[in-house]
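# Descriptive analysis of the structure
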Amino acid sequence: MIVRDLETIDFRTLSIFVTTCRLLSLTQCAEELGLPKSTVSKAISKLEEQLQAKLLERSTRKIEITDAGRVTLRRASLLVEEFKSLREDVREIEQQVQGLLRVSAPPAMGSYLAQYIFPPFLQQWPKAQISLELSNTFDDLFIQGIDLAIRVGQIADDRLVAKEIGYTTQVLVASPDYLREYGIPESPQELRQHNCITAGTAPESAFWTLVSENKTESIEVRSNFHCGNPETAIRAAAGGVGIAQIPVNSMICELEKQELIRIFPEWHAIFMPIYVVYRPGVNKPKRVSAMLEYLNEIKGRFEFGPDHQLCQYETCPLTTGNL
C-alpha cells in the first residue's frame, strides 16, 4: 500500500510544490511554470493527501510553510535538483559546459567577480551563462535554485558543502581632499576626532575593531553618514564625507586612481574567510562542476590581506607629499 501511494508522487507535483514554496504564491508559481492556477492548487492538495500532512497554510493574503512542509521541501528540493541534473547530464552527452549558472554573492564581491573572475571562465566555456545575484543576506540555495554562492564569514547552514577559497579584510581609507582639510590620523584612537562613514551596522553603535600584529584596538566612531553596503561607502569616502572601513577587494579602481588613500596601513580589520558553498549531491550539472574546479584552481585570487598588491603604490600622495 505504501509503495503504491509513493509511486503516484511524480516530479511534476514536487516541482510545483518547490516553486510555490520559493515564491510563496500560487499565482506567481502558475505564471512561472505556465500552468493554470487551479492546476497548481490541485497539485499541492494532491501532495498533501498523498503524504497525509498539511504542507502549506493558505489564505487569500499569504502562504506559510508548515513544519511538515519544511521537511518535505528539503527532500523535494534535492529530488527535483537530482532529476534536473540527470536530464541535463543526458543532454550534455558531448561533455560540454553550457547553460545558465546562478551564482549568489555579497555586493562587496560583485565588481571583483564581474571584472576579474568570471570573464576567463566565460571565455573558456562560451556556451555557459552566468546570472550573478548580489545580496547581503544568505540566500537559501535549495529554495531559490541557486547553483553556488560566494560567502564571507562563517557558514551557518550545515546542509551545504563549504570550501574555503581565501580570505579578506577591511582597511581604512579617505579621499585626498578630506585628509588635506582635516589632517591624517596617526593612530586608531585619533579616529574619534574624525567623521567616519559606517556601513552595514547601526550608526548609533558603530565600533571598529582593528588589529596590528598582536595588538587590538576597539574604537567607537562617530558618523554623520551610514549606508547598507560598501559600494555606497566608497562613493561617500571618495566624495570627501569622511574615513571609511572598506573590504580590500571592493576598491581596486579607487586605489589605482588614488581617489582613496590608505590610512595607517599597519592596521586592518579582523580577517574573514571566503567560501564557495553549494548543495550536496553527486550528479551536478557540468557547468557547476566546471565552476567549482575553476574557483579551486584560482583560489589565490581571493586572498585579500592588508598588504595586497592592489594597495601598494609608489606614488601614494601620503608618502610623496602631494596632499
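These figures come from a predicted structure and were not determined experimentally.

### Some thoughts on the confidence of the model for the protein
A residue-level look at the protein finds 86% of positions with pLDDT of 70 or above and a mean pLDDT of 84. No element of the protein has a lower mean pLDDT than helix α12 (residues 317-320), at 35, and none a higher one than helix α8 (residues 176-182), at 94. In the predicted structure, residues 310-323 sits below a pLDDT of 50 and forms 32 contacts with residues beyond four places in sequence or in another chain.

### Some details on the environment of Tyr178
Topologically, Tyr178 is positioned in helix α8. As a C-alpha pair, Tyr178 and Val241 span 63 residues in sequence and 7.2 Å in three-dimensional space. Not counting chain neighbours up to four residues away, the residues in contact with Tyr178 comprise Gly183, His194, Asn195, Gly240, Val241, Gly242 and Ile243.

### Let's talk about the layout of surface pockets
Taken as a whole, the largest pocket holds about 880 Å³ of empty space. Among the elements of the structure, β3 (99-105), α6 (107-124), β5 (148-152), β8 (195-199), β9 (207-212) and β12 (243-247) are those that each provide at least two residues to the lining of the largest pocket. Looking at the lining of the largest pocket, the element that brings in the most residues is β5, giving 4 residues. Taken together, the residues of the lining of the largest pocket break down into 19 nonpolar, 16 polar and 1 charged. Considering only enclosed or pocket space, the second largest pocket measures out at about 620 Å³ in volume. What lines the second largest pocket is a set of 31 residues, among which Glu81, Lys84, Gly145, Asp147 and Arg279 lie closest to the centre. Residue contributions to the lining of the second largest pocket peak at 9 residues, all from helix α5 (residues 67-91).

### Looking at the nonpolar core
Residues Leu113, Ile117, Leu148, Ile150, Met291, Leu295 and Phe302 are the most contacted members of the largest nonpolar core, which totals 39 residues. Among the elements of the structure, β3, α6, β5, β7 (170-174), α9 (230-238), β12, β14 (272-278) and α11 (286-297) are those that each provide at least two residues to this core. Contacts of Ile150, omitting those with residues within four sequence positions, involve Ser104, Ala105, Pro106, Met109, Leu113, Ile165, Ile274, Tyr275, Val276 and Leu295. Counting residues in each nonpolar core, the second largest holds 20 residues, with Ile9, Ile44, Leu56 and Val80 among its members.

### Describing α11
Taking 1.5 Å of rise per residue, the 12 residues of α11 would be expected to cover 16 Å, and the 16 Å separating its terminal C-alpha atoms lies within 8% of that figure. Those residues of α11 that fall on the buried side of the exposure criterion are Arg287, Val288, Ala290, Met291, Leu292, Tyr294 and Leu295.

### Observations regarding the side chain of His268
Here His268 lies in the loop between β13 (261-262) and β14. On the basis of relative accessible area, His268 is assigned to the buried category, the value being 9%. At 3.4 Å, the side chain of His268 and the side chain of Thr169 are in polar contact. What His268 contacts, discounting residues up to four positions off in sequence, is Thr169, Gln170, Val171, Thr209, Leu210, Val211 and Pro306.

Conventions used here
Residues numbered from 1 in each chain as written. Predicted model: local features only at pLDDT ≥ 70, side-chain atom pairs only at ≥ 80, totals over all residues. Heavy atoms only, no water. pLDDT = per-residue confidence, 0-100. Helix = DSSP H or I, 4+ residues; strand = E, 2+ residues; numbered from the N terminus. Contact = heavy atoms within 4.5 Å. 1 Å grid on protein atoms, 1.4 Å probe; cavity = no way out; pocket = protein on both sides within 12 Å on 5 of 7 lines; lining within 4 Å. Points joined across faces, edges and corners; volume = space filled by probe spheres on them. Nonpolar A, V, L, I, M, F, W, Y, C, P; charged D, E, K, R; others polar. Core = buried A, V, L, I, M, F, W, Y, C linked by side-chain atoms within 4.5 Å. Buried < 20%, exposed > 50% of the residue type's maximum accessible area, 1.4 Å probe, protein only. Expected span 1.5 Å × (residues − 1). Polar contact = N/O pair within 3.5 Å; in protein donor to acceptor, adjacent residues only side chain to side chain.

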